[in-house]
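Descriptive structure summary
Each chain is listed here by its residues.
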2 protein chains.
Amino acid sequence: MQPRIVEVRQGILKKNDLLAHDLRRRFADSGVFVVSLVSSPGTGKTAFLEATLTALKNDYRVAALVGDLATDRDAQRLGRSGVPVQQIVTGTVCHLDAEMVDRALAGWDLAALDFLFVENVGNLVCPASYDLGEALRVVLLSVTEGEDKPLKYPTIFNAADLAVITKMDLADAVGFDRAEAHRNIREICPRIEIVETSARTGEGMAAWLERLAALARRTPAAV
Amino acid sequence: MQPRIVEVRQGILKKNDLLAHDLRRRFADSGVFVVSLVSSPGTGKTAFLEATLTALKNDYRVAALVGDLATDRDAQRLGRSGVPVQQIVTGTVCHLDAEMVDRALAGWDLAALDFLFVENVGNLVCPASYDLGEALRVVLLSVTEGEDKPLKYPTIFNAADLAVITKMDLADAVGFDRAEAHRNIREICPRIEIVETSARTGEGMAAWLERLAALARRTPAAV
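Conventions and cut-offs
Residues numbered from 1 in each chain as written. Chains lettered and ligands numbered in written order. Predicted model: local features only at pLDDT ≥ 70, side-chain atom pairs only at ≥ 80, totals over all residues. Heavy atoms only, no water. Least-squares fit on C-alpha atoms with pLDDT ≥ 70 in both. Contact = heavy atoms within 4.5 Å. Buried < 20%, exposed > 50% of the residue type's maximum accessible area, 1.4 Å probe, protein only. Helix = DSSP H or I, 4+ residues; strand = E, 2+ residues; numbered from the N terminus. Polar contact = N/O pair within 3.5 Å; in protein donor to acceptor, adjacent residues only side chain to side chain. Pairing = 2+ DSSP bridges. Axes fitted to C-alpha atoms, helices over the stretch in contact; angles between N-to-C directions. Lys, Arg positive; Asp, Glu negative; His and termini not counted. Salt bridge = Lys/Arg side-chain N within 4 Å of Asp/Glu carboxyl O. Phe/Tyr/Trp six-rings, centres within 6.5 Å; stacked < 30°, edge-to-face > 60°. Buried area = accessible area lost by both parts, 1.4 Å probe. Nonpolar A, V, L, I, M, F, W, Y, C, P; charged D, E, K, R; others polar.

With an RMSD of 0.0 Å, the operation that places chain B on chain A is a rotation of 180° combined with a shift of 0.0 Å along the axis. Classification of the inter-copy transformation places it as that of a two-fold axis. When the interface residues of chain B are mapped onto chain A, 100% of them again fall at the interface, so both copies present the same face.

The following block contains the structure:
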């Protein structure tokens, strides 16, 4: 590639993309597999993450960053799992960006971690545009939100690597149409993997953890 | 107030606020009571609005605007109620603004309406900052989202005039803590009214409609 073209392309990349690119390289160099979680408020990101951290911590070195406009409730809640958790309070900002992640990691020894989870602000729109340097972006959708959400918020589903359907224990109570939900997710993102879980009953968590371990072994080397 | 101070204040008002101010005056002059609805994706704004339109249409002249990033599914769904409904497709924009509302209303005879509902894009963050000229801003929270959401998304709860808790028929199934939800809403917005509803069973809809009719009689004259 010619230097001029490289210059032009770099000019197009926004500040966030550049910083995310650096983060991604640092994560890969350190051997830490970074997973970001995006969803609506109330989909159950924190419950899902708490179950994930609790399950992983015996076999892996894990940590988490959690983003919210206000409060450190999620960090406190996740802290019960006994792993390092850092809250990022965004104020009025509706998403995490690479700089917030970079700042929150100041002083961390990334090489001492196997997995780092980054829970975004609950928002099905804005986080889609901000690369955080993650190796895997997971979008979560709860059975209570309606099967049409992928069609109505296509950007974030399109930008995800894996979809997790949460609160499966409520599927019958809300008349969840599983086939329609899968069809709508795949209409936006045809090859995406879909995992169905319930943090409450533990349903599907083993399948998710197995998939995660498989992806983590493969992806860092490919970055 | 001195002219210079007026100038400075007008300078501070952003374009949206100015346009929203004009809209609010037009709505008041036309005698239409405008209600906006904000919530997360999947809280049940559309189901709530459908039940509201169906209940009101026999006694009032009602219409609705519905915002989404993509698809006209909500307009089609609300159209079943038999009232005029216009979809606003925002593309990648995470909220409605006054200009979108203004554009969607081009050619409408506002004086022929008693109520106009404006359903925002599902997003608990960004819509908070955009005045749409509404007389009443309603924030919705479903029992499935968790009682802590007002604390984690304070701006939008603080900017609302009335809070509606939706999906009350699922309260027992999800272990909804009613007292904590009310306490958290009031911690952010101490004097806000709270109505509990279920679009599915009809619970609380009569109380909501009664409250709405009372507010509509009072507020337009006060603008």
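Moving on, there is more to tell.
Next up on the list: the pairing of strand 2 (residues 62-68) of chain A. Among the seven residues of strand 2 of chain A, seven are classified as buried, and the element is accordingly described as predominantly covered. Burial along strand 2 of chain A is two-sided: V62, A64, V66 and D68 of chain A and A63, L65 and G67 of chain A, pointing in opposite directions, are all buried.

A word on the side chain of N120 of chain A. Residue and element names in this part refer to chain A. Here N120 shows up in the loop between strand 4 (115-119) and strand 5 (136-142). Classification of N120 as buried rests on a relative accessible area of 2%. Within polar-contact distance, the side chain of N120 engages the backbone nitrogen of L96 at 2.9 Å. If near-sequence neighbours (up to four positions away) are discounted, N120 is found in contact with L37, V38, K45, G67, H95, L96, P127 and L132.

Turning our attention to the sheet that holds strand 7 (residues 193-196) of chain A. All names here are of chain A. Across the sheet, seven strands lie side by side as 3-2-4-1-5-6-7; this open sheet has parallel pairing. Each having just a single partner strand, strand 3 (85-89) and strand 7 make up the two edges of the open sheet. Across the sheet, the mean angle from the axis of one strand to that of its neighbour is 20°, orientation sign disregarded. Examined bridge by bridge, strand 1 (residues 33-38) and strand 5 share four bridges and lie parallel to one another. Residue V38 lies in a different strand from strand 5, and its bridge partner there is V139.

We now examine the sheet that holds strand 1 (residues 33-38) of chain B. Sheets are built from strands paired through backbone hydrogen bonds, the pairs being either parallel or antiparallel. Residue and element names in this part refer to chain B. Ordered by their spatial adjacency, seven strands build an open sheet running 3-2-4-1-5-6-7, and the pairing between neighbours is parallel. Each edge of the open sheet is held by one strand with a lone partner, namely strand 3 (85-89) and strand 7 (193-196). In this sheet, neighbouring strand axes are inclined to one another by 20° on average, regardless of whether the strands run parallel or antiparallel. Two elements, strand 2 (residues 62-68) and strand 4 (residues 115-119), share five bridges in a ladder whose sense is parallel. Across the sheet, the residue bridging to A63 is L116, located in strand 4. Taken strand by strand, helix 9 (residues 178-188) contacts strand 5 (136-142), strand 6 (162-166) and strand 7, and its axis lies near 150° from that of strand 7.

Once that is clear, we can look at the side chain of E147 of chain A. Residue position: E147 of chain A is located in the loop between strand 5 and helix 6 (149-152). For the buried residue E147 of chain A, which engages in no salt bridge, the nearest side chain bearing the opposite charge is R73 of chain B, 7.2 Å off. Beyond its immediate chain neighbours, meaning those up to four positions away, E147 of chain A contacts G175, F176, D177, E180, A181 and N184 of chain A.

For the rest of this paragraph, the subject is the packing of aromatic side chains. Applying the stated criterion to the full structure yields eight aromatic pairs over all chains. Taking 5.0 Å as the distance between ring centres and 85° as the angle between the ring planes, the aromatic pair formed by Y60 of chain B and F115 of chain B counts as edge-to-face. Of the two residues, Y60 of chain B sits in the loop between helix 3 (45-56) and strand 2 while F115 of chain B sits in strand 4, which places them 55 residues apart along the sequence. Residue classification places F115 of chain B among the buried residues on the basis of a relative accessible area of 3%. For the ring pair F115 of chain B and F117 of chain B, a centre distance of 6.1 Å and an interplane angle of 20° mean the geometry is stacked. No difference in accessibility class separates F115 of chain B from F117 of chain B, as the two residues are buried. One aromatic cluster is present, formed by F33, Y60, F115 and F117 of chain A through successive ring pairs.

Turning next to the interface of chain B and chain A. Of the residues lining the interface, 33 residues belong to chain B; the matching set on chain A comes to 33 residues. Carbon and sulfur atoms make up 56% of the surface buried where chain B meets chain A, a total of about 2600 Å² over both sides. The largest per-residue losses of area from chain B upon contact with chain A belong to P41, R73 and K152 of chain B, which jointly make up 22% of the total buried on that side. Put simply, chain B and chain A have six salt bridges between them. Connecting chain B to chain A are nine residue pairs in polar contact (both at pLDDT 80 or more). For the side of chain B that touches chain A, the secondary-structure elements that each account for two or more residues are helix 4 (73-79), helix 6 (149-152), helix 7 (154-158) and helix 8 (171-174) of chain B. By residue number, the principal contributor to the side of chain B that touches chain A is helix 6 of chain B, which donates three residues. A breakdown of the residues in the side of chain B that touches chain A according to their chemical character gives 14 nonpolar, nine polar and ten charged.

All names here are of chain A. Extensive coverage of strand 1 is indicated by the burial of six of its six residues. Sheet analysis places strand 1 next to strand 4, joined by five bridges and oriented parallel. Among the inter-strand pairings, V34 is bridged to a residue of strand 4, identified as L116.

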